[in-house]
Amino acid sequence: MAKIVGGYATSHVPAIGVAIDQGKTEEPYWQPVFSGYEWSRKWIEELKPDVAFVVYNDHATAFSLELIPTFALGCAAEYQPADEGWGARPVPTVHGHPELAWHIAQSVILDEFDITIVNDMEVDHGLTVPLSLAFGQPHAWPCAVIPLAVNVVQYPPPTGNRCLQFGKAIRKAIESFPHDMRVVVFGTGGMSHQLQAQRAGLINPEFDQKFLDLLVHDPAAAAAIPHVDYLRDAGSEGIELVMWLVMRGALGDNVTELHRHYHVPASNTAVGHLVLEPK
Amino acid sequence: MSGNDYHDIPGTFVFDAEQSRQGYHLNMFCMSLRQAKNREAFLADEAAYLDRYPMSAEQRQAVLSRDWNEMLRLGGNIYYTSKLAATDGITFQDLAAIMTGMDRDAYRQMMVAGGRPIEGNRTKGDWDNG
(Lines give C-alpha, C1' and ligand atoms only; values in the text may rest on other atoms or scores of the structure.)
Protein backbone atom coordinates (compact mmCIF):
# COMPACT_ATOMS: atom_id res chain seq x y z
CA MET A 1 0.00 0.00 0.00
CA ALA A 2 1.10 3.57 -0.58
CA LYS A 3 2.24 5.49 2.47
CA ILE A 4 2.88 9.12 3.36
CA VAL A 5 6.39 9.23 4.78
CA GLY A 6 6.99 12.95 5.19
CA GLY A 7 5.78 16.51 4.90
CA TYR A 8 7.88 19.29 3.38
CA ALA A 9 6.76 22.90 3.57
CA THR A 10 8.61 25.74 1.90
CA SER A 11 8.21 29.18 0.40
CA HIS A 12 8.51 29.20 -3.41
CA VAL A 13 9.94 32.66 -4.13
CA PRO A 14 10.87 32.97 -7.84
CA ALA A 15 14.13 34.79 -6.99
CA ILE A 16 15.25 31.62 -5.14
CA GLY A 17 14.96 29.74 -8.44
CA VAL A 18 16.94 32.45 -10.22
CA ALA A 19 19.68 32.30 -7.53
CA ILE A 20 19.94 28.51 -7.97
CA ASP A 21 19.89 28.68 -11.77
CA GLN A 22 22.56 31.39 -11.86
CA GLY A 23 24.85 29.75 -9.27
CA LYS A 24 24.44 32.46 -6.63
CA THR A 25 23.55 30.30 -3.65
CA GLU A 26 26.90 30.95 -1.90
CA GLU A 27 26.64 34.73 -2.19
CA PRO A 28 26.28 36.54 1.17
CA TYR A 29 22.70 37.59 0.40
CA TRP A 30 21.60 34.05 -0.46
CA GLN A 31 23.77 31.83 1.75
CA PRO A 32 21.55 32.25 4.87
CA VAL A 33 18.50 31.29 2.78
CA PHE A 34 20.02 28.12 1.35
CA SER A 35 21.92 26.95 4.44
CA GLY A 36 18.56 26.18 6.04
CA TYR A 37 17.83 23.64 3.29
CA GLU A 38 21.02 21.59 3.61
CA TRP A 39 19.61 19.34 6.33
CA SER A 40 16.45 18.58 4.37
CA ARG A 41 18.38 17.89 1.13
CA LYS A 42 20.10 15.01 2.94
CA TRP A 43 16.88 13.95 4.64
CA ILE A 44 14.97 13.58 1.38
CA GLU A 45 17.93 11.95 -0.36
CA GLU A 46 17.95 9.23 2.30
CA LEU A 47 14.17 8.98 2.37
CA LYS A 48 14.06 8.21 -1.38
CA PRO A 49 10.37 8.95 -1.95
CA ASP A 50 8.75 7.46 -5.05
CA VAL A 51 6.37 10.37 -5.42
CA ALA A 52 6.26 14.02 -4.37
CA PHE A 53 2.69 15.29 -4.09
CA VAL A 54 3.22 19.04 -4.48
CA VAL A 55 0.58 21.53 -3.34
CA TYR A 56 1.36 24.86 -5.00
CA ASN A 57 -0.27 27.71 -6.81
CA ASP A 58 -0.09 28.74 -10.41
CA HIS A 59 0.81 32.42 -10.85
CA ALA A 60 -1.12 33.34 -14.01
CA THR A 61 0.83 30.77 -16.02
CA ALA A 62 -1.13 27.62 -16.86
CA PHE A 63 -4.37 29.21 -15.68
CA SER A 64 -5.49 32.74 -16.42
CA LEU A 65 -8.78 34.48 -15.70
CA GLU A 66 -10.34 32.31 -18.44
CA LEU A 67 -10.47 29.39 -16.05
CA ILE A 68 -10.01 29.53 -12.27
CA PRO A 69 -10.15 26.10 -10.64
CA THR A 70 -9.99 26.16 -6.85
CA PHE A 71 -8.25 22.79 -6.72
CA ALA A 72 -6.70 21.34 -9.90
CA LEU A 73 -5.02 17.94 -9.74
CA GLY A 74 -2.42 17.05 -12.35
CA CYS A 75 -3.02 13.57 -13.79
CA ALA A 76 -0.64 13.91 -16.76
CA ALA A 77 2.47 11.87 -17.55
CA GLU A 78 4.62 14.97 -17.78
CA TYR A 79 4.67 18.73 -17.26
CA GLN A 80 7.00 21.23 -18.93
CA PRO A 81 8.50 24.11 -16.91
CA ALA A 82 6.82 27.30 -18.15
CA ASP A 83 8.10 30.56 -19.60
CA GLU A 84 6.71 33.09 -17.10
CA GLY A 85 7.81 36.12 -19.04
CA TRP A 86 11.59 35.82 -18.82
CA GLY A 87 12.19 32.36 -20.37
CA ALA A 88 11.62 28.90 -18.88
CA ARG A 89 13.76 27.80 -15.92
CA PRO A 90 16.56 25.41 -16.96
CA VAL A 91 15.18 22.52 -14.92
CA PRO A 92 14.21 18.98 -15.95
CA THR A 93 10.80 18.05 -17.29
CA VAL A 94 8.54 17.06 -14.41
CA HIS A 95 7.28 13.49 -14.71
CA GLY A 96 3.90 12.70 -13.23
CA HIS A 97 2.35 9.55 -11.85
CA PRO A 98 -0.94 9.21 -13.74
CA GLU A 99 -2.01 5.98 -12.06
CA LEU A 100 -1.73 7.31 -8.51
CA ALA A 101 -3.01 10.75 -9.53
CA TRP A 102 -6.16 9.32 -11.11
CA HIS A 103 -6.67 7.12 -8.08
CA ILE A 104 -6.48 10.20 -5.85
CA ALA A 105 -8.84 12.13 -8.13
CA GLN A 106 -11.48 9.41 -7.99
CA SER A 107 -11.11 8.91 -4.27
CA VAL A 108 -11.39 12.58 -3.28
CA ILE A 109 -14.30 13.26 -5.65
CA LEU A 110 -16.24 10.38 -4.11
CA ASP A 111 -15.23 11.90 -0.77
CA GLU A 112 -17.05 15.07 -1.94
CA PHE A 113 -14.04 17.22 -2.87
CA ASP A 114 -15.00 18.29 -6.39
CA ILE A 115 -11.61 18.93 -7.91
CA THR A 116 -10.64 19.74 -11.50
CA ILE A 117 -8.68 17.07 -13.36
CA VAL A 118 -5.81 18.39 -15.49
CA ASN A 119 -4.20 16.42 -18.31
CA ASP A 120 -2.16 19.16 -19.92
CA MET A 121 -0.47 22.05 -18.15
CA GLU A 122 2.85 23.78 -17.76
CA VAL A 123 4.23 24.26 -14.27
CA ASP A 124 5.68 27.51 -12.99
CA HIS A 125 8.10 28.51 -10.22
CA GLY A 126 5.46 27.67 -7.59
CA LEU A 127 6.18 24.00 -8.29
CA THR A 128 9.73 23.99 -9.64
CA VAL A 129 11.39 26.14 -6.94
CA PRO A 130 10.44 23.70 -4.15
CA LEU A 131 11.75 20.80 -6.27
CA SER A 132 15.06 22.64 -6.72
CA LEU A 133 15.30 23.33 -2.99
CA ALA A 134 14.62 19.70 -2.16
CA PHE A 135 16.60 17.96 -4.89
CA GLY A 136 19.22 20.46 -6.12
CA GLN A 137 20.11 20.51 -9.81
CA PRO A 138 19.87 16.91 -11.07
CA HIS A 139 19.59 15.97 -14.77
CA ALA A 140 16.27 14.34 -13.96
CA TRP A 141 14.06 14.75 -10.87
CA PRO A 142 14.59 11.70 -8.64
CA CYS A 143 10.88 10.94 -8.17
CA ALA A 144 7.52 11.31 -9.85
CA VAL A 145 5.53 14.45 -9.08
CA ILE A 146 1.78 14.94 -8.68
CA PRO A 147 0.91 18.64 -8.83
CA LEU A 148 -2.08 20.04 -6.98
CA ALA A 149 -2.66 23.65 -8.03
CA VAL A 150 -4.69 25.71 -5.56
CA ASN A 151 -6.23 29.05 -6.48
CA VAL A 152 -4.82 31.71 -4.17
CA VAL A 153 -4.75 34.54 -6.76
CA GLN A 154 -8.46 35.24 -7.26
CA TYR A 155 -10.11 36.12 -3.93
CA PRO A 156 -11.37 34.11 -2.17
CA PRO A 157 -9.02 31.16 -2.02
CA PRO A 158 -10.40 28.05 -0.30
CA THR A 159 -10.61 28.44 3.48
CA GLY A 160 -7.87 27.10 5.69
CA ASN A 161 -10.31 24.57 7.07
CA ARG A 162 -11.28 23.34 3.60
CA CYS A 163 -7.59 22.90 2.82
CA LEU A 164 -6.98 20.94 6.02
CA GLN A 165 -9.99 18.68 5.39
CA PHE A 166 -8.95 18.18 1.77
CA GLY A 167 -5.50 17.13 3.00
CA LYS A 168 -7.16 14.46 5.13
CA ALA A 169 -9.06 13.18 2.09
CA ILE A 170 -5.81 13.07 0.11
CA ARG A 171 -4.25 10.99 2.90
CA LYS A 172 -7.14 8.54 2.72
CA ALA A 173 -6.78 8.38 -1.05
CA ILE A 174 -3.03 7.76 -1.02
CA GLU A 175 -3.28 5.13 1.71
CA SER A 176 -5.87 3.22 -0.30
CA PHE A 177 -3.66 2.93 -3.38
CA PRO A 178 -2.93 -0.80 -3.70
CA HIS A 179 0.79 -0.60 -4.56
CA ASP A 180 3.77 -0.04 -2.30
CA MET A 181 4.86 3.52 -2.73
CA ARG A 182 6.44 6.19 -0.53
CA VAL A 183 4.97 9.65 -0.86
CA VAL A 184 6.23 12.99 0.45
CA VAL A 185 3.65 15.77 0.53
CA PHE A 186 4.86 19.30 -0.21
CA GLY A 187 3.00 22.41 0.98
CA THR A 188 4.40 25.51 -0.68
CA GLY A 189 4.05 29.31 -0.84
CA GLY A 190 4.17 31.98 1.84
CA MET A 191 5.36 33.02 4.33
CA SER A 192 4.44 36.65 5.02
CA HIS A 193 4.86 38.84 1.96
CA GLN A 194 3.12 41.52 -0.03
CA LEU A 195 4.14 42.09 -3.62
CA GLN A 196 1.74 44.82 -4.59
CA ALA A 197 0.86 48.49 -4.16
CA GLN A 198 2.03 50.96 -1.51
CA ARG A 199 2.29 48.41 1.32
CA ALA A 200 4.63 46.07 -0.65
CA GLY A 201 7.46 44.65 1.41
CA LEU A 202 5.38 43.80 4.47
CA ILE A 203 6.97 41.07 6.60
CA ASN A 204 5.59 39.76 9.89
CA PRO A 205 7.90 37.30 11.68
CA GLU A 206 5.60 37.01 14.73
CA PHE A 207 2.71 35.89 12.53
CA ASP A 208 4.94 33.46 10.66
CA GLN A 209 6.44 31.82 13.75
CA LYS A 210 3.02 31.49 15.35
CA PHE A 211 1.70 29.93 12.15
CA LEU A 212 4.56 27.41 12.13
CA ASP A 213 3.85 26.47 15.75
CA LEU A 214 0.12 26.09 15.15
CA LEU A 215 0.65 24.12 11.97
CA VAL A 216 2.72 21.56 13.84
CA HIS A 217 0.81 21.35 17.13
CA ASP A 218 -2.69 22.69 16.59
CA PRO A 219 -3.62 22.50 12.89
CA ALA A 220 -7.31 23.06 13.64
CA ALA A 221 -6.41 26.46 15.12
CA ALA A 222 -4.25 27.27 12.10
CA ALA A 223 -7.14 26.23 9.86
CA ALA A 224 -9.46 28.65 11.68
CA ILE A 225 -7.42 31.73 10.70
CA PRO A 226 -9.79 33.84 8.56
CA HIS A 227 -8.67 35.20 5.19
CA VAL A 228 -8.69 38.79 6.43
CA ASP A 229 -6.06 37.94 9.05
CA TYR A 230 -3.69 36.58 6.41
CA LEU A 231 -4.30 39.59 4.14
CA ARG A 232 -3.82 42.11 6.92
CA ASP A 233 -1.11 40.49 9.06
CA ALA A 234 0.83 38.32 6.58
CA GLY A 235 0.46 40.60 3.52
CA SER A 236 -1.82 40.15 0.53
CA GLU A 237 0.27 37.29 -0.88
CA GLY A 238 0.83 35.68 2.55
CA ILE A 239 -2.55 34.02 2.04
CA GLU A 240 -0.65 31.34 0.09
CA LEU A 241 -0.09 29.76 3.51
CA VAL A 242 -3.48 28.03 3.27
CA MET A 243 -1.69 25.57 0.99
CA TRP A 244 0.49 24.40 3.86
CA LEU A 245 -2.71 23.21 5.55
CA VAL A 246 -3.39 20.74 2.73
CA MET A 247 0.01 19.18 3.45
CA ARG A 248 -0.67 19.22 7.20
CA GLY A 249 -4.02 17.48 6.77
CA ALA A 250 -2.34 14.76 4.71
CA LEU A 251 0.19 14.03 7.47
CA GLY A 252 -2.39 12.82 10.01
CA ASP A 253 -3.31 14.12 13.45
CA ASN A 254 0.10 13.94 15.11
CA VAL A 255 3.46 14.78 13.62
CA THR A 256 7.07 15.16 14.71
CA GLU A 257 8.80 18.35 13.64
CA LEU A 258 12.17 17.28 12.23
CA HIS A 259 13.45 20.59 10.92
CA ARG A 260 12.57 24.28 10.84
CA HIS A 261 14.18 27.19 9.03
CA TYR A 262 13.13 30.82 8.85
CA HIS A 263 14.87 33.72 7.17
CA VAL A 264 14.05 37.25 6.04
CA PRO A 265 14.28 38.18 3.23
CA ALA A 266 14.42 36.46 -0.13
CA SER A 267 13.59 39.33 -2.45
CA ASN A 268 10.20 40.55 -1.10
CA THR A 269 9.40 37.53 1.03
CA ALA A 270 9.93 35.82 4.38
CA VAL A 271 11.23 32.31 3.77
CA GLY A 272 9.87 29.50 5.92
CA HIS A 273 10.67 25.81 5.76
CA LEU A 274 9.39 22.87 7.82
CA VAL A 275 9.97 19.14 7.63
CA LEU A 276 7.43 16.92 9.35
CA GLU A 277 7.12 13.21 9.92
CA PRO A 278 3.83 11.48 10.61
CA LYS A 279 3.71 9.81 14.04
CA MET B 1 -19.60 36.92 4.91
CA SER B 2 -19.11 40.61 5.45
CA GLY B 3 -17.13 40.73 2.21
CA ASN B 4 -15.71 44.12 3.09
CA ASP B 5 -13.60 43.22 6.08
CA TYR B 6 -10.39 43.66 4.08
CA HIS B 7 -11.13 47.16 2.77
CA ASP B 8 -9.54 48.65 5.87
CA ILE B 9 -6.07 47.31 4.95
CA PRO B 10 -3.89 50.21 3.78
CA GLY B 11 -1.97 50.28 0.48
CA THR B 12 -3.48 47.01 -0.68
CA PHE B 13 -5.84 45.93 -3.47
CA VAL B 14 -7.57 42.64 -2.79
CA PHE B 15 -8.24 40.92 -6.14
CA ASP B 16 -11.85 40.15 -5.44
CA ALA B 17 -14.83 39.67 -7.76
CA GLU B 18 -15.27 43.38 -8.41
CA GLN B 19 -11.59 43.91 -9.27
CA SER B 20 -11.52 40.77 -11.41
CA ARG B 21 -14.58 41.78 -13.43
CA GLN B 22 -13.23 45.27 -13.98
CA GLY B 23 -9.74 44.10 -14.85
CA TYR B 24 -10.47 41.13 -17.10
CA HIS B 25 -9.19 42.56 -20.40
CA LEU B 26 -6.30 44.42 -18.76
CA ASN B 27 -5.13 41.20 -17.15
CA MET B 28 -5.65 39.13 -20.29
CA PHE B 29 -3.51 41.66 -22.19
CA CYS B 30 -0.77 41.16 -19.56
CA MET B 31 -1.21 37.38 -19.82
CA SER B 32 -0.51 37.53 -23.55
CA LEU B 33 2.98 38.83 -22.73
CA ARG B 34 3.93 35.37 -21.50
CA GLN B 35 4.79 34.58 -25.12
CA ALA B 36 8.00 35.99 -26.58
CA LYS B 37 6.40 36.81 -29.95
CA ASN B 38 3.71 38.87 -28.21
CA ARG B 39 6.28 40.71 -26.11
CA GLU B 40 8.06 41.69 -29.33
CA ALA B 41 4.85 42.77 -31.05
CA PHE B 42 3.80 44.85 -28.05
CA LEU B 43 7.15 46.62 -27.74
CA ALA B 44 7.22 47.32 -31.50
CA ASP B 45 3.90 49.20 -31.40
CA GLU B 46 2.26 49.41 -27.98
CA ALA B 47 -0.84 51.37 -29.05
CA ALA B 48 -1.64 49.04 -31.94
CA TYR B 49 -1.13 45.96 -29.78
CA LEU B 50 -3.44 47.33 -27.08
CA ASP B 51 -6.20 47.73 -29.69
CA ARG B 52 -6.60 43.95 -29.51
CA TYR B 53 -7.92 44.23 -25.94
CA PRO B 54 -11.16 46.10 -25.21
CA MET B 55 -9.98 47.74 -22.00
CA SER B 56 -11.13 51.14 -20.76
CA ALA B 57 -9.37 54.36 -21.79
CA GLU B 58 -8.15 54.72 -18.19
CA GLN B 59 -6.70 51.22 -18.15
CA ARG B 60 -5.07 51.75 -21.52
CA GLN B 61 -3.46 54.97 -20.31
CA ALA B 62 -2.24 53.31 -17.12
CA VAL B 63 -0.52 50.64 -19.23
CA LEU B 64 1.05 53.14 -21.65
CA SER B 65 2.35 55.30 -18.79
CA ARG B 66 3.38 52.27 -16.68
CA ASP B 67 1.37 53.56 -13.72
CA TRP B 68 1.58 50.29 -11.77
CA ASN B 69 -0.62 51.23 -8.81
CA GLU B 70 -3.25 52.69 -11.13
CA MET B 71 -3.33 49.40 -13.06
CA LEU B 72 -4.03 47.60 -9.76
CA ARG B 73 -6.70 50.12 -8.80
CA LEU B 74 -8.41 49.52 -12.15
CA GLY B 75 -8.58 45.76 -11.66
CA GLY B 76 -5.08 44.64 -12.57
CA ASN B 77 -3.60 41.79 -10.57
CA ILE B 78 0.05 41.80 -9.59
CA TYR B 79 0.78 38.37 -11.09
CA TYR B 80 -0.50 39.73 -14.41
CA THR B 81 0.96 43.24 -14.31
CA SER B 82 4.34 41.76 -13.35
CA LYS B 83 4.41 40.19 -16.84
CA LEU B 84 4.34 43.70 -18.28
CA ALA B 85 7.15 44.63 -15.87
CA ALA B 86 9.14 41.58 -17.02
CA THR B 87 8.61 42.69 -20.63
CA ASP B 88 10.21 46.00 -19.63
CA GLY B 89 13.07 44.15 -17.91
CA ILE B 90 11.99 45.19 -14.40
CA THR B 91 12.51 42.59 -11.65
CA PHE B 92 9.79 41.78 -9.14
CA GLN B 93 11.71 43.49 -6.36
CA ASP B 94 12.23 46.66 -8.38
CA LEU B 95 8.55 46.64 -9.37
CA ALA B 96 7.63 46.44 -5.68
CA ALA B 97 9.94 49.37 -4.94
CA ILE B 98 8.32 51.48 -7.66
CA MET B 99 4.83 50.78 -6.29
CA THR B 100 5.83 51.87 -2.80
CA GLY B 101 7.34 55.11 -4.11
CA MET B 102 10.76 54.20 -2.68
CA ASP B 103 13.92 54.13 -4.70
CA ARG B 104 15.34 50.75 -5.53
CA ASP B 105 18.22 50.77 -3.08
CA ALA B 106 16.15 52.12 -0.20
CA TYR B 107 13.54 49.40 -0.78
CA ARG B 108 16.17 46.68 -0.99
CA GLN B 109 17.73 48.02 2.20
CA MET B 110 14.34 47.95 3.94
CA MET B 111 13.90 44.29 2.97
CA VAL B 112 17.39 43.29 4.12
CA ALA B 113 16.67 45.03 7.44
CA GLY B 114 13.58 42.85 7.96
CA GLY B 115 10.97 44.35 5.67
CA ARG B 116 8.07 46.69 6.30
CA PRO B 117 6.84 46.05 9.87
CA ILE B 118 3.22 45.25 10.61
CA GLU B 119 3.11 47.88 13.36
CA GLY B 120 1.82 51.08 11.85
CA ASN B 121 0.74 49.27 8.66
CA ARG B 122 -2.25 47.28 9.87
CA THR B 123 -5.17 49.61 9.15
CA LYS B 124 -5.95 52.67 7.10
CA GLY B 125 -6.25 54.50 10.41
CA ASP B 126 -2.59 53.71 11.13
CA TRP B 127 -1.61 55.49 7.93
CA ASP B 128 -3.92 58.47 8.47
CA ASN B 129 -2.46 59.01 11.92
CA GLY B 130 1.12 58.51 10.75
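Up top you'll find the structure we're talking about.
The following refers to the structure shown. Throughout this document, residue positions are counted from 1 along each chain, in the order its sequence is written. Written order decides the labels, with chains lettered from A and ligands numbered from 1. At least 70 in pLDDT is required for a residue's local features to be given in this predicted model, at least 80 for side-chain atom pairs to be given and counted, and no such filter applies to totals for whole chains, interfaces and linings, which use all residues. The basis for the side-chain values is all heavy atoms of the structure; hydrogens and waters are excluded.

Some points on the overall build of chain B
Argument step 1. Check the secondary structure of chain B and you find nine helices and zero strands.
Argument step 2. Secondary structure elements are defined from DSSP: runs of H or I of at least 4 residues count as helices, runs of E of at least 2 residues count as strands, and each element is numbered from the N terminus. Secondary structure elements in chain B, listed N-terminal to C-terminal, are α-α-α-α-α-α-α-α-α.
Argument step 3. In terms of principal-axis extent, the alpha carbons of chain B reach across some 45 × 40 × 20 Å.
Argument step 4. Counting every position in chain B, which comprises 130 residues, the buried fraction comes to 49%.
Argument step 5. Pairs at least 24 residues apart make up 49% of the contacts formed inside chain B by residues separated by at least 6 positions.
Argument step 6. Only the protein chains shown count as cover for residues, with accessible areas throughout obtained via the Shrake-Rupley method and a probe of 1.4 Å. Surface accessibility of chain B: about 6400 Å² in total, with carbon and sulfur atoms responsible for 48%.
Argument step 7. Positive charges come from Lys and Arg, negative ones from Asp and Glu, while His and the chain ends are left out of the count. Taken as the charge location is NZ of Lys, CZ of Arg, CG of Asp or CD of Glu. One way to put it: in chain B the 14 positive side-chain charges average out to a point 7 Å from where the 18 negative ones average out. When accessible area is computed with a 1.4 Å probe and restricted to protein chains, residues below 20% of their type maximum are described as buried, those above 50% as exposed, and intermediate ones as partly exposed. Contacts were defined at the residue level, with two residues in contact if any of their heavy atoms lie within 4.5 Å.

Points about the layout of surface pockets
Argument step 1. Any residue with an atom within 4 Å of a point lines the site, the site being either a cavity, points on a 1 Å grid over the protein atoms alone where a 1.4 Å probe fits but cannot get out, or a pocket, an open set with protein on both sides within 12 Å along at least 5 of 7 lines. Grid points are joined across faces, edges and corners, and a volume is the space filled by probe spheres set on the points. What the largest pocket holds in volume is close to 770 Å³.
Argument step 2. Along the walls of the largest pocket sit 35 residues, with Ala15 and Ser267 of chain A together with Thr91, Phe92 and Gln93 of chain B positioned nearest its centre.
Argument step 3. Looking at the lining of the largest pocket, the elements with two or more residues in it are helix H1 (14-21) of chain A together with helix H6 (78-87), helix H7 (92-100) and helix H8 (104-112) of chain B.

Observations concerning a nonpolar patch on the surface
Residues and elements named next belong to chain A.
Argument step 1. Each patch groups residues whose relative accessible area exceeds 30% and which form no salt bridge, using 9 Å between like charges and 5 Å between nonpolar side chains of Val, Leu, Ile, Met, Phe, Trp and Tyr. By convention in these notes, a salt bridge is any Lys or Arg side-chain nitrogen within 4 Å of a carboxyl oxygen on Asp or Glu. Where nonpolar side chains cluster on the molecular surface, the patch consists of Trp102, Ile109 and Ile117 and spans about 230 Å² of accessible area.
Argument step 2. For Ile117, the position within the fold is in strand E6 (residues 116-118).
Argument step 3. Given a relative accessible area of 33%, Ile117 falls into the partly exposed group.

Description of the packing of aromatic side chains
Argument step 1. For Phe, Tyr and Trp, where Trp contributes only its six-membered ring, two rings pair if their centres lie within 6.5 Å, and the inter-plane angle classes them as stacked under 30 degrees, edge-to-face over 60, or tilted in between. Across all of its chains, the model carries 17 aromatic pairs over all chains by this definition.
Argument step 2. Look at Phe29 of chain B and Tyr53 of chain B: their rings are 5.9 Å apart centre to centre, the planes differ by 65°, and that puts the pair in the edge-to-face class. With a gap of 24 residues between them, Phe29 of chain B in helix H1 (residues 17-32) and Tyr53 of chain B in the loop between helix H3 (46-50) and helix H4 (57-64) connect regions that are remote in the sequence. You'll find Phe29 of chain B and Tyr53 of chain B in the same group, each marked buried.
Argument step 3. A network of ring pairs unites the aromatic residues Phe207, Phe211, Tyr230 and Trp244 of chain A as a single cluster.

Things to note about unusual backbone geometry
What you tend to see is this: most non-glycine residues have negative phi, and most peptide bonds are trans.
Residue and element names in this part refer to chain A.
Argument step 1. Geometrically, the link from Tyr155 to Pro156 is a cis peptide bond, its omega value of -5° lying close to zero.
Argument step 2. In this fold, Pro156 is placed in the loop between strand E7 (144-150) and helix H6 (160-175).
Argument step 3. Between Val264 and Pro265 the backbone carries a cis peptide bond, its omega angle lying at -5°.
Argument step 4. With respect to the helices and strands, the residue Pro265 is situated in strand E9 (residues 255-266).
Argument step 5. For Lys48, which is not glycine, the phi torsion reads 50° and is therefore positive.
Argument step 6. Relative to the helices and strands, Lys48 is located in the loop between helix H3 (38-47) and strand E2 (51-56).
Argument step 7. Residue Lys48 is classed as exposed on the basis of its relative accessible area, which comes to 59%.
Argument step 8. Even without a glycine there, the phi angle at Ala60 is positive, about 55°.
Argument step 9. As for its placement among the helices and strands, Ala60 is situated in the loop between E2 and strand E3 (71-74).

Shape is all these values report; function is a separate question.
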